[in-house]
Amino acid sequence: LQAPDVLATCSRHGTNGAARNFHGAIRARIRWPGGAMKPRPVHLNTWEAFYFNHRLDELKALADDAARLGVERFVLDDGWFKRRDGDRCGLGDWTPDPAKYPDGLKPLADHVVGLGMEFGLWVEPEMVNPDSDLYRAHPDWALQVAGRPLIAGRNQLVLDLTRAEVSEFLFGSLDSLLSSLPIGYLKWDHNRDLTAAGDRSGCAAYRRQTLAAYGLLDRLRAAHPTVEIEACAGGGGRIDAGIAQYTHRFWVSDCLDAATRLSIQKGFLHFMPPEIMGSHVGASPAHATGRTQPIDFRAGVASTGHFGVELDIRALAANDRLALEWWIAFYKDWRAIIHGGCLWTGDAGDGVYWQAHGGASELLLFVFRVEPPAERHAPVLNLEMLAPDRAYRARFLFGPRLTLTAGQAPLFEAIGGDGVTFDGAWLAACGLPLPPMPAESVVVLRITAE
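K.L.:
Describe the pattern of salt bridges, and please don't skip the residues or the numbers.
P.N.:
All told, the structure shown has 33 salt bridges when counted by the stated rule. Residues Asp350 and Arg369 are paired through a salt bridge, measuring 3.4 Å at the closest nitrogen-oxygen approach. You can see Asp350 sitting in the loop between strand 11 (342-349) and strand 12 (352-358) and its partner Arg369 sitting in strand 13 (residues 362-369), a full 19 residues away along the chain. Given the relative accessible area of 3%, Arg369 is considered buried. What emerges from the salt-bridge pattern is a single network uniting Lys38, Arg40, Arg73, Glu118 and Glu228.

Next up, the structure:
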C-alpha cells in the first residue's frame, strides 16, 4: 500500500498562521497556464439562470448583458449535450444536443469570444448515465465488482478509468471539444461517490481510479496548456491538495445562500487560498434555501474569493443591477490584494465575522454581520497583524447602509470621508470600532500604514 502524501504544519500564530502555511504550500503546487496566475477573471456561470433549459437566443442575450456589466468569463453549464433535458440521461455522450444547438456550440462560443469574454464549458467525464449511447455500447466500462449490483447516484454510474480504453475514449472526447472550439476553461464535475470501486479482477481500485483521473487531467493539460480547469464534485466534494496540482479553481458548494456560504468559505480558507475559491453571487431568494438577502451582502461575500455571478442578470431590478456593476468594478480594482497577499479571518462575536487580505502595510478588511445584533454596541476588531509602532488610516470603501444623524456617530462619519488615523498598537490591543450594521450586511475598509 502506498499512502497518499500528507501536508502538515504548525504555527506560533494560531489558526491564521497555520492557514497561511497551507496557502503557501498549495500555491506552490498549482501549475498555472503560462507559469503564473493571471488576474482571476469575473466569472458568470449559467446553471442557476437556466438549469437544463438551454436556448441559444437566451444564452446570447445573457452573454450580451454579462459583457456590459464587466464579466470576463462565460461558462456554459450542464444541459448542452445530447438529450440532456435532466440528470437521467446523456452523460458519456459528449456531443452538442442537435435540438438545442443545431449548428453545434461554435455559434455561442464565437459570440461569447466576440464580446471579449472567455468561453468555458461544463463536463463530467468520469460519469455515465445508464440511459446513454456510451453505456449501451459499453456497459462493462462502469466501475463495478462482479456479482454486486450497480448502484446509481444522481442517476449515474462511474466509468472505470483504470481501463486504458476508457481513459483513451474520454481524452478523445474532450480533446475534440477543446480542439474545435475556443474553450479557455472547463468546469470538471464529479457528482457522486465511488461505490463498488473495484476493477475487473475484483481488486480494490479506489486509489488507481483517482490516479487515473489525475493522469487524464495531466494529459489534457499537456495537449491544451492554456486551458484552466475547475474541480467540482457536487460542490466541494473534491477539495484537496492532490487535485490542486492539476486544476486551478475549486467549486466550494452548490449552495449560494450568502450566509451559509460564509461558514463554508471560512472552512475552505483554513487550507486553500482565496484565489482558487469559486464564490458566486446567487439569486434572491436563494435557490438552495429560499432565504432573501440584499445584493450587497451577496456580492460582498462573493468578493472574498474568485468572484462570479450565477443568476439571470437580465431579471435584476435596476438598483440591484447598479449594485452588482459596482461590486464587479470593486473586485477588479482589488483582486490583486485579495488574491496576492496574506489572509486573516476571525469571529468578533455577536454575529460578526471578518476577513482581512493584504499585509502589515495595507489591509482590505471585510466585515460581515450575519445575525441581528444582540448587544447594544457593536464589537471591536483586534487587528493583531498590524505593526504596533506604526500609524494606520482606516477608510470605508463600502460603508454602512444606515443613516447616521449628524453628531450621533462622528467617528464613522469621518471613516466614511477621508478616513481616521489610529495607532497600530491601539488597533491590535483595543480594536477597531465597528459601525452599527443590520443583519446580512457588509462593510469594507482599507487600512493603510502612514
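K.L.:
So what's going on with the packing of aromatic side chains? Which residues, and what values?
P.N.:
A complete count under the given rule lists 20 aromatic pairs for this structure. Judged by centre distance (5.3 Å) and plane angle (80°), the rings of Trp80 and Phe81 are edge-to-face. Each member of the pair, Trp80 together with Phe81, is buried. Centre to centre, the rings of Trp80 and Trp94 are 5.9 Å apart; their planes meet at 35°, and the pair counts as tilted.

K.L.:
I'd like to hear about the sheet that holds strand 15 (residues 391-398), residue by residue, with values.
P.N.:
Strands sit in the order 11-12-13-18-15-16 across an open sheet of 6 strands; the sheet is antiparallel. Single-partner strands in this sheet number two, and they are strand 11 and strand 16 (420-423). Across the sheet, the axes of successive neighbouring strands diverge by a mean angle of 25°, strand direction being ignored. Here strand 13 pairs with strand 18 (residues 441-449) via 8 bridges, running antiparallel. Pairing of Leu364 across the sheet is with Arg446, part of strand 18. Sheet strands in contact with helix 10 (residues 318-340) are strand 12, strand 13, strand 15 and strand 18, and its direction is about 130° off that of strand 13.

K.L.:
How would you explain the nonpolar core if you had to name every residue and give the values?
P.N.:
Looking at soluble globular proteins, one finds that nonpolar side chains tend to be buried together. Trp80, Phe307 and Ile313 are the most contacted members of the largest nonpolar core, which has 105 residues in total. For this core, the element with the most residues is helix 10, which contributes 9 residues. Beyond its immediate stretch of four places on either side in the chain, Ile313 contacts Leu44, Leu62, Asp65, Ala66, Leu69, Arg321 and Leu324. Of all hydrophobic cores here, the second largest spans 27 residues; its members include Ala394, Ala409, Ile415 and Val420.

K.L.:
How would you explain the environment of Pro98 if you had to name every residue and give the values?
P.N.:
One can find Pro98 in the loop between strand 2 (73-76) and helix 4 (106-114). Sequence separation between Pro98 and Leu363 is 265 residues, and the spatial gap between their C-alpha atoms is 51 Å.

K.L.:
Explain the sheet that holds strand 7 (residues 228-231) to me, using residue names and the numbers behind them.
P.N.:
Sheet architecture is closed into a barrel: 8 strands sit in the order 1-2-3-6-7-8-9-10, paired in parallel fashion. Neighbouring strand axes in the sheet, compared pairwise and without regard to direction, differ in orientation by 30° on average. Inspection of the sheet shows strand 7 paired to strand 8 (residues 249-251) by 2 bridges, in the parallel sense. Bridge assignment links Glu230 to a residue of strand 8, and that residue is Arg249. Strand contacts of helix 9 (residues 295-302): strand 9 (277-281) and strand 10 (306-309), with the helix running at about 170° to strand 9, the strand carrying the most contacts.

K.L.:
Any details on the side chain of His280? Residues and values, ideally.
P.N.:
Of note, His280 is situated in strand 9. Under the relative-accessibility criterion, His280 is labelled buried at 5%. At a separation of 2.8 Å, a polar atom in the side chain of His280 contacts the side chain of Glu310. Among residues more than four places away in sequence, those in contact with His280 are His43, Asn45, Arg249, Trp251, Leu256, Ala302, Gly308, Val309 and Glu310.

Calculation notes
Residues numbered from 1 in each chain as written. Predicted model: local features only at pLDDT ≥ 70, side-chain atom pairs only at ≥ 80, totals over all residues. Heavy atoms only, no water. Salt bridge = Lys/Arg side-chain N within 4 Å of Asp/Glu carboxyl O. Helix = DSSP H or I, 4+ residues; strand = E, 2+ residues; numbered from the N terminus. Buried < 20%, exposed > 50% of the residue type's maximum accessible area, 1.4 Å probe, protein only. Phe/Tyr/Trp six-rings, centres within 6.5 Å; stacked < 30°, edge-to-face > 60°. Pairing = 2+ DSSP bridges. Axes fitted to C-alpha atoms, helices over the stretch in contact; angles between N-to-C directions. Contact = heavy atoms within 4.5 Å. Core = buried A, V, L, I, M, F, W, Y, C linked by side-chain atoms within 4.5 Å. Polar contact = N/O pair within 3.5 Å; in protein donor to acceptor, adjacent residues only side chain to side chain.

The quantities given are spatial measurements derived from coordinates; they are silent on function.
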